[in-house]
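# Observations on the model geometry
Okay, here's what each chain looks like letter by letter:
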Amino acid sequence: MIIDYIIVGSGLAGIAFAETLSQHNKSFVVFENKSQSSSSIAGGLYNPVILKRFSQVWNANAQLELANEFYAQLEKKLAVQFDFKIPIYRKFFSVEEQNNWFAASDKPNLAPFLSTTIVHKKYNGIEAPFGYGEVLQTGYVDTISLLTHYHDYLKSLDLFVSKTFDYTTVQLFDDHIEYQNIKARHIVFAEGFGMHSNPFFNYLPLDGTKGELFIIKADLDLDVIINTSVFILPLGDKLYKVGATYNWEDKTNTPTDKGKQELIDRITEILNCDFEIVEHFAGVRPTVKDRKPLLGTHPKHANLHILNGLGTRGVMLAPTLAKDLFDLIENKIPLDKTIDIKRYAIS
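Residues numbered from 1 in each chain as written. Predicted model: local features only at pLDDT ≥ 70, side-chain atom pairs only at ≥ 80, totals over all residues. Heavy atoms only, no water.

### Thoughts on the side chain of lysine 210
Note that lysine 210 resides in strand S14 (residues 206–218). Exposure remark for lysine 210: the relative accessible area of 1% places this residue in the buried category. From its side chain, lysine 210 meets the backbone oxygen of threonine 254 in a polar contact 2.5 Å long. When sequence neighbours within four positions are dropped, the list of residues in contact with lysine 210 reads Thr245, Tyr246, Asn247, Asp250, Thr252, Thr254, Thr256, Ala282, Gly283, Val284 and Arg285. (Helix = DSSP H or I, 4+ residues; strand = E, 2+ residues; numbered from the N terminus. Buried < 20%, exposed > 50% of the residue type's maximum accessible area, 1.4 Å probe, protein only. Polar contact = N/O pair within 3.5 Å; in protein donor to acceptor, adjacent residues only side chain to side chain. Contact = heavy atoms within 4.5 Å.)

Written as structure tokens, this is what we have:
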């Protein structure tokens, strides 16, 4: 018997593709790959606006529409809530920042996402004399809850393999592949930064951007996500997720003293109250220098495919990219040239 797909990687990209297959009645098995799992340490925020540059996220409208539908269906299927609709408030530090916000909100592509009303609300431990700008259609996905429950769902169906994938045992044929005792029509690799160990796709220029985050305990009363030089996300019981750093040199998932101090310095710029560091964690985001994902089919092997490079916006990107890759493989619908791996030549 030949199944339709083997999926290598069980982070956001892998499970988004697995669920897309499930919706289309395709058979599959998922191999866990913990070489560099950024999904489990992600902030999980979805935000259609790049607040540093006041620009719209690529394809934001379509991504949000599909993501909202995708996660709602998945919550119903798993009988658990992990998608939380919550505003993001961008703290203003000057009148000039307020003016920049209003200028951005006049742009047609940003108008649906930026409120034109300055929010003046007092929160314990935060001074904001210039107020906040509210970003609309935002929230966060509890990625740990999503991954845990979806993995359990796959295990209950015997579709989850907790073994390191051995690339050397892949056998390629014209119409299928064989891996150990499994025959499949296709393999989709969704390994994140672990792609560097993949001999089929390690020619691609996947970079890694290390991020470090905290869980802190503080006497705040936030009911929104605060975004400045870091984000502060309320988790309940006076616990908050805070992040993140960006390190382009260190490719390990080990927390560092340097990252810790950087986060402490940024937090103390925002909070005027004491806080306790409850947890400090790190991971490597799969990023690409052109800031576009890596999707497509191997140039020499028609049954090998990749879904990678989601970077810092995996929650928004994953459902759309999974659909795009599925449509490429099953329906021969070409990918957007900006995300297709054809833009990089194999060496």
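### Focus: the packing of helix H2 (residues 60–78) against helix H4 (residues 143–156)
Put simply, H2 and H4 touch, their axes get as near as 11 Å, and they point 55° apart. The angle between H2 and H4 places the two elements in the oblique class. Judged by the sense of rotation from one axis to the other, the crossing of H2 with H4 is left-handed. Contact with H2, carried on its side by Tyr71, Leu74, Lys77 and Leu78, involves Leu146, His149, Tyr150 and Tyr153 of H4 and no other residues of that element. Residues of the contact of H2 with H4, tallied by class, amount to six nonpolar, one polar and one charged. (Axes fitted to C-alpha atoms, helices over the stretch in contact; angles between N-to-C directions. Parallel < 35°, antiparallel > 145°, perpendicular 65-115°, else oblique. Left-handed = near helix turned anticlockwise from the far one by under 90°. Nonpolar A, V, L, I, M, F, W, Y, C, P; charged D, E, K, R; others polar.)

### Some words on empty space enclosed by the protein
The full count for this structure, using the stated rule, is one cavity of 30 Å³ or more. Quantified by volume, the largest cavity comes out at close to 40 Å³. Residue lining of the largest cavity: Tyr46, Leu64, Ala67, Asn68, Tyr71, Asp83, Val315 and Met316, and that is the complete set. Broken down by secondary-structure element, the contributors of at least two residues to the lining of the largest cavity are H2 and helix H6 (314–331). Among the elements that make up the lining of the largest cavity, the one with the highest residue count is H2 (four residues). Residues that form the lining of the largest cavity fall into these classes: six nonpolar, one polar and one charged. (1 Å grid on protein atoms, 1.4 Å probe; cavity = no way out; pocket = protein on both sides within 12 Å on 5 of 7 lines; lining within 4 Å. Points joined across faces, edges and corners; volume = space filled by probe spheres on them.)

### Quick notes on the pattern of salt bridges
The tally for this structure, following the rule as stated, stands at 14 salt bridges. For glutamate 178, the salt bridge identified is with lysine 183, shortest N-O distance 4.0 Å. For lysine 183, a relative accessible area of 38% puts it in the partly exposed group. Taken together, the shared-partner salt bridges in this structure form one network comprising Asp4, Lys26, Arg185 and Glu330. (Salt bridge = Lys/Arg side-chain N within 4 Å of Asp/Glu carboxyl O.)

### Section: the sheet that holds strand S15 (residues 225–227)
Taking strand neighbours across the sheet as the criterion, the seven strands line up as S8-S7-S15-S16-S17-S14-S18 in an open arrangement whose pairing is mixed. Because the sheet does not close on itself, it has two edges, and the strands there are strand S8 (132–135) and strand S18 (275–288). Between one strand axis and the next, the sheet turns by 25° as a mean value, whatever way the strands run. Pairing of strand S16 (residues 231–236) with strand S17 (residues 239–243) involves five bridges; the strand directions are antiparallel. Paired with leucine 233 across the strands is lysine 241, a residue of S17. Strand contacts of helix H5 (residues 257–270): strand S7 (88–91), S14, S16, S17 and S18, with the helix running at about 55° to S14, the strand carrying the most contacts. (Pairing = 2+ DSSP bridges.)

### Observations concerning the sheet that holds strand S6 (residues 83–85)
Pairing is antiparallel across the open sheet formed by three strands, whose spatial order is S3-S9-S6. In this open sheet, the two edge strands, each paired with only one partner strand, are strand S3 (45–46) and S6. Alignment of S3 against strand S9 (residues 139–141), held across two bridges, turns out to be antiparallel. By the bridge assignment for S9, leucine 45 is matched with tyrosine 140.

### Brief notes about the nonpolar core
Formed by 67 residues in total, the largest nonpolar core has its most connected members in Phe17, Tyr71 and Leu307. Sorting elements by how many residues they give to this core places H6 first, with 10 residues. Setting aside residues up to four positions removed in sequence, leucine 307 forms contacts with Ala13, Phe17, Val188, Phe189, Ala190, Leu294, Leu295, Leu321, Ala322 and Leu325. In terms of nonpolar packing, the next biggest core, distinct from the first, is built from 25 residues, Val8, Tyr167, Val170 and Tyr203 among them. (Core = buried A, V, L, I, M, F, W, Y, C linked by side-chain atoms within 4.5 Å.)

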